[in-house]
Amino acid sequence: MLISKKMNVAINEQIGNEFAASLQYVAIAAHFAAESLTELATKFYQQAEEERDHAMRFVKFVVEAGGRVEIPAVVAPKSTFKSVEEAVKLSLDQEKTVTEQVNRLVELSISSSDHITRNFLSWFIREQLEEVSSMENLLKVVQRAGENNLLYVEEYVARHRGRLGSVRISGEGSSE
Ligand SMILES: [Fe+2]
Ligand SMILES: [Fe+2]
């Protein structure tokens, strides 16, 4: 086994966190779809798939490293939202929490001189930078538009689709 028992346990926990994030995005996407916000719904269904992919990356890594995959119980997502802003704010908070979780895994890999896991985690570090910045940007757009101008948000999301399903900060602003 290439990873320690402790690291194996920690990654199993993260598999649960990524699946939980995926379910939360499904719940948010379904809420947007029910509100006829189809662009936001599409974006969040995509996000849900990305989180599932993150969970699967961890699953495959554990197997490859000779560990044991044990998927923990996943907390139920929040399914009702008073506003689009509330749902996007929850998404941003979730991405920040996941960033902390990934940071803790990196710290464990460093303290145990586990360079295999440390190297594997660098993809997630880059991914979290993108996820947090893209969600921060979406929240700003939602706040600027206000709940009465959600079609502006829809248009914005539609225009930025295809960039890994995310909204990037760099190189924007002048076109807004
Ligand atoms: Fe993730
Ligand atoms: Fe994410």
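Our structure is the block above this text.
Bear in mind the structure is a predicted one, so any value in this text is a computation, not a measurement.

1. Points about the coordination of the iron ion (ligand 2)
Link 1 in the chain: The protein atoms that coordinate the iron ion (ligand 2) are Glu-51 (OE), Glu-95 (OE), Glu-95 (OE) and Glu-131 (OE), at distances spanning 1.9 to 2.5 Å.
Link 2 in the chain: One can describe the donor arrangement at the iron ion (ligand 2) as irregular, given that its 4 donor atoms subtend angles of 54 to 143 degrees at the metal.
Link 3 in the chain: Look at where the donors of the iron ion (ligand 2) fall in the sequence and you get E-x43-E-x35-E.
Link 4 in the chain: The iron ion (ligand 1) is placed at 3.5 Å from the iron ion (ligand 2), the two being bridged by Glu-51. One end of the pair, Glu-95, is in helix α3 (residues 84-111); the other, Glu-131, is in helix α4 (residues 115-145), with 36 residues separating them in the sequence.

2. Concerning the packing of aromatic side chains
Any two aromatic rings considered together are summarised by their centre-to-centre distance and by the angle between their planes.
Link 1 in the chain: Under the defined criterion, the tally for this structure stands at 7 aromatic pairs.
Link 2 in the chain: Between the aromatic rings of Phe-32 and Phe-44, the centroid separation amounts to 5.3 Å while the plane-to-plane angle is 70 degrees, which identifies the pairing as edge-to-face. With Phe-32 in helix α1 (residues 5-34) and Phe-44 in helix α2 (residues 38-64), this pair connects stretches of sequence that are 12 residues apart. For the pair shown, Phe-32 and Phe-44 are each scored as buried.
Link 3 in the chain: Every member of this aromatic cluster is reached through a ring pair, and the members are Phe-58, Phe-61, Phe-120, Trp-123 and Phe-124.

3. Overview of the side chain of Thr-117
Link 1 in the chain: Position of Thr-117 among the secondary structure elements: in helix α4.
Link 2 in the chain: Among the residues examined, Thr-117 registers a relative accessible area of 0% and is labelled buried.
Link 3 in the chain: Among the polar contacts made by the side chain of Thr-117, one reaches the side chain of Asp-114 at a distance of 2.6 Å.
Link 4 in the chain: Other than its neighbours up to four places away in sequence, Thr-117 contacts Ile-3, Met-7, Ile-11, Phe-61 and Ser-109.

4. Section: the nonpolar core
Link 1 in the chain: One finds Phe-32, Leu-40, Phe-44, Val-84, Val-88, Leu-138 and Val-153 to be the most contacted residues of the largest nonpolar core, which totals 25 residues.
Link 2 in the chain: Of all the elements in the fold, those that place two or more residues in this core are α1, α2, α3, α4 and α5 (150-159).
Link 3 in the chain: Considering every element that reaches this core, the biggest residue donor is α4, with 7 residues.
Link 4 in the chain: Every residue in contact with Leu-40, bar those within four places of it in the chain, is listed here: Phe-32, Val-84, Leu-138, Val-153, Glu-154 and Val-157.
Link 5 in the chain: Phe-58, Val-98, Leu-105 and Phe-120 belong to the second-largest nonpolar core, a separate cluster that totals 20 residues.

5. Re a nonpolar patch on the surface
Link 1 in the chain: Residues Leu-23, Val-74 and Val-75 make up a contiguous nonpolar surface patch of about 250 Å² in total accessible area.
Link 2 in the chain: Secondary-structure assignment places Val-75 in the loop between α2 and α3.
Link 3 in the chain: For Val-75, a relative accessible area of 64% corresponds to the exposed category.

6. Here's the deal with the coordination of the iron ion (ligand 1)
Link 1 in the chain: Taken together, Glu-18 (OE), Glu-51 (OE) and His-54 (ND1) make up the protein donors of the iron ion (ligand 1), found 2.1 Å from the metal.
Link 2 in the chain: Between the donor residues of the iron ion (ligand 1), the gaps in sequence give the motif E-x32-E-x2-H.

Conventions adopted
- Residues numbered from 1 in each chain as written.
- Chains lettered and ligands numbered in written order.
- Predicted model: local features only at pLDDT ≥ 70, side-chain atom pairs only at ≥ 80, totals over all residues.
- Heavy atoms only, no water.
- Donors = N, O, S within 2.8 Å, 3.2 Å for Na, K, Ca; no water.
- Tetrahedral: all angles 85-135°; square planar, octahedral: opposite > 155°, others 65-115°.
- Helix = DSSP H or I, 4+ residues; strand = E, 2+ residues; numbered from the N terminus.
- Phe/Tyr/Trp six-rings, centres within 6.5 Å; stacked < 30°, edge-to-face > 60°.
- Buried < 20%, exposed > 50% of the residue type's maximum accessible area, 1.4 Å probe, protein only.
- Polar contact = N/O pair within 3.5 Å; in protein donor to acceptor, adjacent residues only side chain to side chain.
- Contact = heavy atoms within 4.5 Å.
- Core = buried A, V, L, I, M, F, W, Y, C linked by side-chain atoms within 4.5 Å.
- Patch = residues over 30% accessible without salt bridge, like charges linked within 9 Å, V, L, I, M, F, W, Y side chains within 5 Å.
- Areas by Shrake-Rupley, 256 points an atom, 1.4 Å probe, with all protein chains shown as cover.
- Salt bridge = Lys/Arg side-chain N within 4 Å of Asp/Glu carboxyl O.

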